[in-house]
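# Report on the structure
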Amino acid sequence: MTSVIAQAKRCAARAAVDRFVKKSPICTQNGQVIGIGSGSTIEFAVSRLAERVANEDLTVSCVPTSFQARQLIVKYNLVLTDLDRNPKLDVAIDGADEVDCDKVLIKGGGGCLTQEKIVAHAAKTFVVIADYTKDSEHLGQQWSRGIPIEVIPMAYVPLTNCIESAYGGKAVLRMAKSKAGPVVTDNGNFILDWVFDAVENPNKWADVNTYIKMLPGVVETGLFVNMADTVIFGLEDGSCKTVE
């Protein structure tokens, strides 16, 4: 990661935490419940959140979207909770692999798409933070690794055929880099990365997402359609661009 991109990530993360994490009124016993996403940009957000908790006497509880997110919450001594105890979140903050002009997202490059979507859906406000390289007019413009799809292991071959027959492109089983065999998600499943043909009509992504989700054996897709409330991009010059 270059220093410019790291600074852009940090800018977006701090802007999101400063805007959306709020001190509870004095009459309120419990503070905000925050969904903590996964990925490289999120560590900047958790670091800033920990700063504010320490300096402003904030009360917050954090719901992780992955093992990595859980470790970050513990590392920064924040209060760890879950959806069993807090099924409704005030805000979820997460990254993205790519964002198009209609705030349709590709997520799941780190393999946590299912938990990320569950936590985002549980939040009143879903805020996406990313650096400027994730800002695209159309999906696939800058992100070339495809849309992650979490699948039941026994179904990955039939699903590969179904997806390619319906929409073209190439669906590839994601292979691990430090172990023999495929990547296994936190849920014990496989991931197909579907490198798709260009789709310039954003309305079509909702149909694509619904079709794939309905295929037996699909757990979740990395397409986040009509979910993001606010997207904050960190820019090269150290400023931020906000899309509502």
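Starting from 1, residues in each chain are numbered consecutively following that chain's sequence as written. Only residues with pLDDT of 70 or above have their local features reported here, since the model is predicted, and side-chain atom pairs are shown and tallied only from 80 upward, although totals for entire chains, interfaces and linings are computed over all residues. Values reported for side chains reflect all heavy atoms of the structure, with hydrogen atoms and water molecules removed beforehand.

### Here's the deal with the overall build of the chain
The condition that has to hold: Only runs of H or I of at least four residues qualify as helices and only runs of E of at least two qualify as strands under DSSP, and these elements are numbered from the N terminus. Note on method: radius of gyration uses C-alpha positions; expected globular size equals 2.2 Å times residues raised to 0.38. Burial classification: accessible surface area is computed with a 1.4 Å probe over protein chains only, and a residue below 20% of its type maximum counts as buried, one above 50% as exposed, and the rest as partly exposed. Contacts: residue pairs with any heavy atoms within 4.5 Å of one another. What sets the accessible areas is the Shrake-Rupley method with a 1.4 Å probe; for residues, cover comes only from the shown protein chains. All tallies of charge rest on Lys and Arg as positive and Asp and Glu as negative; His and the ends of each chain are not included. To locate a charge, take atom NZ for lysine, CZ for arginine, CG for aspartate or CD for glutamate.
Check the secondary structure of the chain and you find six helices and 14 strands. Over its C-alpha atoms the chain spans a radius of gyration of 18 Å, differing by no more than 12% from the 18 Å that the globule rule assigns to 244 residues. Oriented by its inertia axes, the alpha-carbon framework of the chain measures out at about 55 × 40 × 35 Å. In the chain, which comprises 244 residues, the share counted as buried stands at 49%. Pairs at least 24 residues apart make up 74% of the contacts formed inside the chain by residues separated by at least 6 positions. Of the roughly 11,600 Å² of accessible surface on the chain, a fraction of 52% belongs to carbon and sulfur atoms. Separation between the mean location of the 25 positive side-chain charges and that of the 29 negative ones in the chain comes to 5 Å.

### Points about the pattern of salt bridges
Defined as follows: Salt bridges are identified by distance alone: a Lys or Arg side-chain nitrogen within 4 Å of an Asp or Glu carboxyl oxygen.
Scanning all chains against the criterion turns up 16 salt bridges. Notably, a salt bridge pairs R52 with E56, separated by 3.0 Å at the nearest N-O pair. Here E56 and R52 lie together in helix α2 (residues 40-56), a separation of four residues that amounts to about one turn. Of the charged contacts in the structure, one is a salt bridge between D82 and R85, with a shortest N-O distance of 3.0 Å. Take R85: its relative accessible area is 58%, and that puts it in the exposed class.

### Brief notes about the packing of aromatic side chains
Convention followed: The criterion for an aromatic pair is that two Phe, Tyr or Trp rings (for Trp, the six-membered ring) have centres within 6.5 Å, with stacked assigned to planes under 30 degrees apart, edge-to-face to planes over 60 apart and tilted to the rest. Geometrically, a charge over a ring is one whose NZ (Lys) or CZ (Arg) sits within 6 Å of the ring centre while staying within 35 degrees of the ring normal.
A full pass over the atoms with the stated rule returns six aromatic pairs. Taking the centre distance of 5.9 Å and the plane angle of 65° together, the rings of Y156 and F190 count as edge-to-face. On the criterion of sequence distance, the pair formed by Y156 in helix α5 (residues 156-167) and F190 in strand β10 (residues 190-195) is long-range, its members being 34 residues apart. When the centroid spacing of 5.0 Å and the interplanar angle of 80° are considered together, the rings of F196 and W205 count as edge-to-face. In this pair, the class of F196 matches that of W205, namely buried. Among the aromatic residues, those joined into a cluster by ring pairs are Y167, W194, F196, W205 and Y211. The positively charged end of K107 is found above the aromatic ring belonging to F224, 5.6 Å away from the centroid.

### Looking at the side chain of R48
Inspection of the secondary structure assignment puts R48 in helix α2. Classification of R48 as buried rests on a relative accessible area of 14%. Beyond its immediate chain neighbours, meaning those up to four positions away, R48 contacts R14, V17 and D18.

### Focus: the sheet that holds strand β14 (residues 240-243)
Operational definition: Should DSSP find at least two bridges between two strands, the strands are taken to pair. Structural elements are reduced to axes, namely lines fitted to C-alpha atoms, with helices fitted over the stretch in contact, and the angle between N-to-C directions of any two is expressed from 0 to 180 degrees.
With respect to topology, seven strands assemble into an open sheet ordered β3-β2-β1-β4-β7-β13-β14, the strand pairing being mixed. The two strands at the open ends of the sheet, each matched to only one other strand, are β3 (79-80) and β14. Pairing analysis gives five bridges linking strand β1 (residues 32-36) to strand β2 (residues 60-64), with the strands arranged parallel. Considered in β2, the bridge of I34 is made with C62. Contacting β1, β2, β4 (89-94) and β7 (123-131), α2 crosses the sheet at an angle of about 155° to β1. Here helix α4 (residues 113-122) sits on the sheet in contact with β1, β2, β4 and β7, set at roughly 130° to β7.

### With respect to helix α1 (residues 3-20)
Test applied: Under the convention used throughout, the expected extent of a helix is 1.5 Å for every residue step, that is, one less than its residue count.
Under the 1.5 Å per step criterion, the end-to-end length of α1 is 26 Å for 18 residues, consistent within 8% with the ideal 26 Å. Within the sequence span of α1, burial applies to A6, A8, K9, C11, A12, A13, A16, V17 and F20. In this structure, the buried side of α1 is in contact with β1, α2, β4, β7, β13 (230-234) and β14.

### Some thoughts on the environment of G238
Following the sequence through the fold, G238 ends up in the loop between β13 and β14. Separated by 76 residues in the primary sequence, G238 and C162 place their C-alpha atoms 44 Å from one another.

### Considering the pairing of strand β8 (residues 147-151)
Among the five residues that make up β8, five are buried, leaving the element largely enclosed by the rest of the structure. By the alternation rule, side chains of β8 split into I147, I149 and V151 and P148 and E150, which are all buried. In terms of strand pairing, β8 meets β10 through five bridges, oriented antiparallel. Residue V151 lies in a different strand from β10, and its bridge partner there is F190. The sheet contact formed by β8 and strand β11 (residues 218-221) spans three bridges and is antiparallel. Bridging from a neighbouring strand, V151 pairs with V218 of β11.

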